[in-house]
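# Remarks on the overall topology
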Amino acid sequence: MKRTAIIYILSIFLFSNSFAQSLKPLYENPSAPIEKRVEDLLKRMTLSEKLEQMTQRVIGQNNNASNAELDKRNYSPLTGSFINFSNNPGFANEIQRKAMKESRLGIPVLLGMDVIHGFRTIFPIPLAQGCTWNPDLTKKSCEIAAKEATLSGIKWTFSPMIDVARDPRWGRVAEAYGEDTYSNSQFSVAAVKGYQGEKLSDKYSISACLKHYIGYSLSEGGRDYHASDVSPLTLWETFMPPYKAGVEAGAQTLMSAFNDITGVPASANYFTLTEVLKNKWKHDGFVVSDWKAVYQLIDQGFASDSADAGAKAVNAGVEMDMNDEIYVKYLPEKIKQKEVQMSRIDDAVRRILRVKFRLGLFDNPYVDDIAEASRYLQPESQKLAEKCAEESMVLLKNEKTVLPLSDKIKKIAVIGPIAKDQVNVMGSWTCNGKSENTIGLFDGLQKEYKNKAEITYTKGCDFEGTDESDFANALNIAAQSDVIILCLGEKRGWSGENASRASIALPEIQEKLAAKLKEAGKPIVLVLSNGRPLELTRLEPLADAILEIWQPGNFGGNPFAGIISGRLNPSGRLDITFPKVTGQIPMYYNMRPNARSSMKDWNGLYQDVKNDPMFWFGHGLSYSNFVYYDLKTSKTTFTENETISIEVKIKNSTNVDGQETVFWYVSDPVASITQPMKKLKYFEKKEIKAGQESTFIFRIDPKRDLSFVDGTGKSILEKGKFFIEVNSQKLAIELK
Ligand code: NOJ
């Protein structure tokens, strides 16, 4: 009896629920297929509702001086997206409630934010992350960033930046994963997977945004926002692959760049945005312009006024207009004049709605408002941030094995503007990160050497300026110590957006301080924190050891101290070349061969400086010594459908456990399109215990690893000889 009653009540409940559901429009039905929901909603929308979806506004106070914008509370509830500068979940819910309740159709808003290397827990800058050669760490850091962001109501990040960066004058080298195309592709995939998780609709997933599409890093002279002259070959060979990889990994959005690409601005470029991205790669998410990039088409001389700019951008394939309200204001007239077709508007809105549905925003627009202490900076986040920082630090020089410091060292002088810094070491784009959470270098050393050595400190000088008043004191402290840890570097505002530098040397005052301390006659460990490769010509000879720590984020202090003491073994390798002097730029490992390279006259190219850089891409020392031997191939000759295996043995000949990154390069000495001197095709990082050996294998798929592209993006595989290089070993193979 009781059972029958329960079944009866249950069926009434289910029936009334599905009845209620059947009264609702299809797009509100969570169990209907997404594409059907999109179409249903789209057909109900008016033009102005559509154009609002294509509009992104800013809410809250921006902390980026280059993109400053005041709080706009008086916004339309129809707005498609906001860049939300608040981390308050209550505020996010308020915006969301307004969108859901006050817009006629109840369309949720997509809240975005520049979550670049962390949301509240700040990880090392991307350029540093590239030096870990451990994309899994990046994936995990993006998972943490996504979780902290979603707990604040943010469901979209403008990251990763995968602009292959070869000009260290350009401040934005800090935001990419270095100078190589293959490694940027690998990190692109890792970041997308980390942010977007297993499923976009998962509670802690956010949408990634590949940026800045495309050619931005080639802006002339490293001047930000400047035009880029990108040949079709360079476009396909160097810049497209990381984007293709990110799109294939499922990235929902891309950001169109500020730059002009050889005459057609990236934000109005039909070829890159539509022919390649949408037609060839079948990307079905959407493209947002960079900040006022639509308006900037006028400055670039590509559009006559705002209306023309809006029409050109939307027709080229930019679906959302970031913060200049051009679409919503000017597209109606362009549609009337038939310069923009309704089908293009529908396609744009369809793409935006699709991403919102996939993120689960229609069914679950609100976020739980939990206490800040449970949202951010969880112990596992700090642990991961420390691991990332540890693996990103690169030991550039270590003469007479100054590092790790011997146990005999009892007095350590810590000097320099970075030593106690908590702000600049966080790097640019620190989102909601706070400097008070930073464990600085001095803090790390104090903890590491507690009861083991005495640590003295003075600043010595500031980042810039001419004040030498602390030099004498610094020299005195240095003279009384066993070793000097000299912590120099850049301010965070010297890299990132709109932060190009005509010289990549540190300001003279810092170089002068180093020269002064040399007078103490003590070993100098130079520690560098910066967002770009530096010109070290004058500093390098003064230092016995150089440790590049980049801008390690909030938690660099402990791993840094661990490397100094030998508790940790450095394993970072450069993802970008350090030229000797600024005038050598561009300088990167995979340049095309010089016409006189066979004459071994590599030094004759400049009269005033040798032509090799200070440190090549891939450089980095360890406390272990890794010996490479026995490089061999499963086959020396093969055909295009065969896979071959190449292996090398590596022995850790020391009594220190260490991690080694193996870089597998391919070179193609003769081709119908000349090829770079070598190309990185695979890398692998593994721990090799003290005294042990390990075998590393590179499986070559000829079509993937031995082909090259032409200026149309076509992949070409030519028969003949190739060389495989690993460390200093080289082996010839032949495709028959
Ligand atoms: C401009 C920057 O170029 C871009 O990287 C960033 O995502 C947007 N502003 C939004 O802040």
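Quick caveat: nothing in here was measured; it's all calculated off a predicted structure.

Scoring rules and cut-offs
- Residues numbered from 1 in each chain as written.
- Predicted model: local features only at pLDDT ≥ 70, side-chain atom pairs only at ≥ 80, totals over all residues.
- Heavy atoms only, no water.
- Salt bridge = Lys/Arg side-chain N within 4 Å of Asp/Glu carboxyl O.
- Helix = DSSP H or I, 4+ residues; strand = E, 2+ residues; numbered from the N terminus.
- Buried < 20%, exposed > 50% of the residue type's maximum accessible area, 1.4 Å probe, protein only.
- Domains from an automatic or database assignment.
- Contact = heavy atoms within 4.5 Å.
- Buried area = accessible area lost by both parts, 1.4 Å probe.
- Nonpolar A, V, L, I, M, F, W, Y, C, P; charged D, E, K, R; others polar.
- Axes fitted to C-alpha atoms, helices over the stretch in contact; angles between N-to-C directions.
- Parallel < 35°, antiparallel > 145°, perpendicular 65-115°, else oblique.
- Left-handed = near helix turned anticlockwise from the far one by under 90°.
- Pairing = 2+ DSSP bridges.
- Right-handed = clockwise from strand over helix to strand, strands pointing away.

A word on the pattern of salt bridges. Tallied over the entire structure, the rule returns 50 salt bridges. Of the charged contacts, one joins R567 and E448 as a salt bridge, the two residues approaching to 2.8 Å between their closest N and O atoms. Residue R567 is found in the loop between α19 (557-565) and β17 (626-633), and its partner E448 is found in helix α16 (residues 441-448); the two are separated by 119 residues along the sequence. Taking relative accessible area as the criterion, E448 reaches 14% and is therefore assigned buried. Taking the shortest distance from any N to any O, the salt bridge between K635 and E642 comes out at 2.1 Å. Within this structure, K278, E319, R344, D347 and R351 form a network of salt bridges that share partners.

Parsing the chain into structural domains produces domain 1 (384-581) and domain 2 (626-735). Taken together, the contact pairs five residues of domain 1 with nine residues of domain 2. Together, the buried faces of domain 1 and domain 2 total about 500 Å²; carbon and sulfur atoms form 35% of this surface. Sorting the residues of domain 1 by area buried against domain 2 places N569, S571 and R573 first, and these three jointly supply 78% of that buried surface. Across the domain 1-domain 2 interface, the total number found is two salt bridges. E391 is the partner of K685 in a salt bridge, and the nearest nitrogen-oxygen pair spans 2.7 Å. Class assignment of the residues belonging to the side of domain 1 that touches domain 2 gives a composition of no nonpolar, two polar and three charged.

The N-to-C vectors of helix α15 (residues 379-392) and α19 enclose an angle of 45 degrees; their axes lie 8 Å apart at closest approach. As summarised for this structure, α15 and α19 are arranged oblique, according to the angle between their axes. Once α15 is placed against α19, the crossing between them reads as right-handed. Along its contact with α15, which presents E386, A389 and E390, the element α19 presents N558, P559 and I563. In terms of residue class, the contact of α15 with α19 is made up of three nonpolar, one polar and two charged.

Next up on the list: the sheet that holds strand β11 (residues 394-398). Read across the sheet, six strands follow the order β11-β16-β15-β14-β12-β13 without closing on themselves; strand pairing throughout is mixed. The open sheet has two edge strands, β11 and β13 (454-458), and neither has a second partner. Taking the axes of each pair of neighbouring strands and ignoring which way they run, one obtains an average angle of 20 degrees across the sheet. In terms of strand pairing, β11 meets strand β16 (residues 545-548) through four bridges, oriented antiparallel. Each bridged residue has a counterpart across the sheet, and for L395 the counterpart in β16 is L547. Along the sheet face, α19 touches β14 (483-489), β15 (524-529) and β16 and points at about 155 degrees away from the line of β16.

Attention now moves to the pairing of strand β6 (residues 253-256). Along β6, one buried face is formed by T253 and M255 and the opposite face, lined by L254 and S256, is buried too. Across three bridges, the pairing between strand β5 (residues 209-213) and β6 is parallel. Its bridge partner being in β6, C209 is matched across the sheet by T253. Crossover connection from β5 via helix α8 (residues 232-248) to parallel β6: handedness right-handed. Sheet topology places β6 next to strand β9 (residues 286-289); four bridges connect them, and they run parallel. The partner of T253 across the bridge, within β9, is F286.

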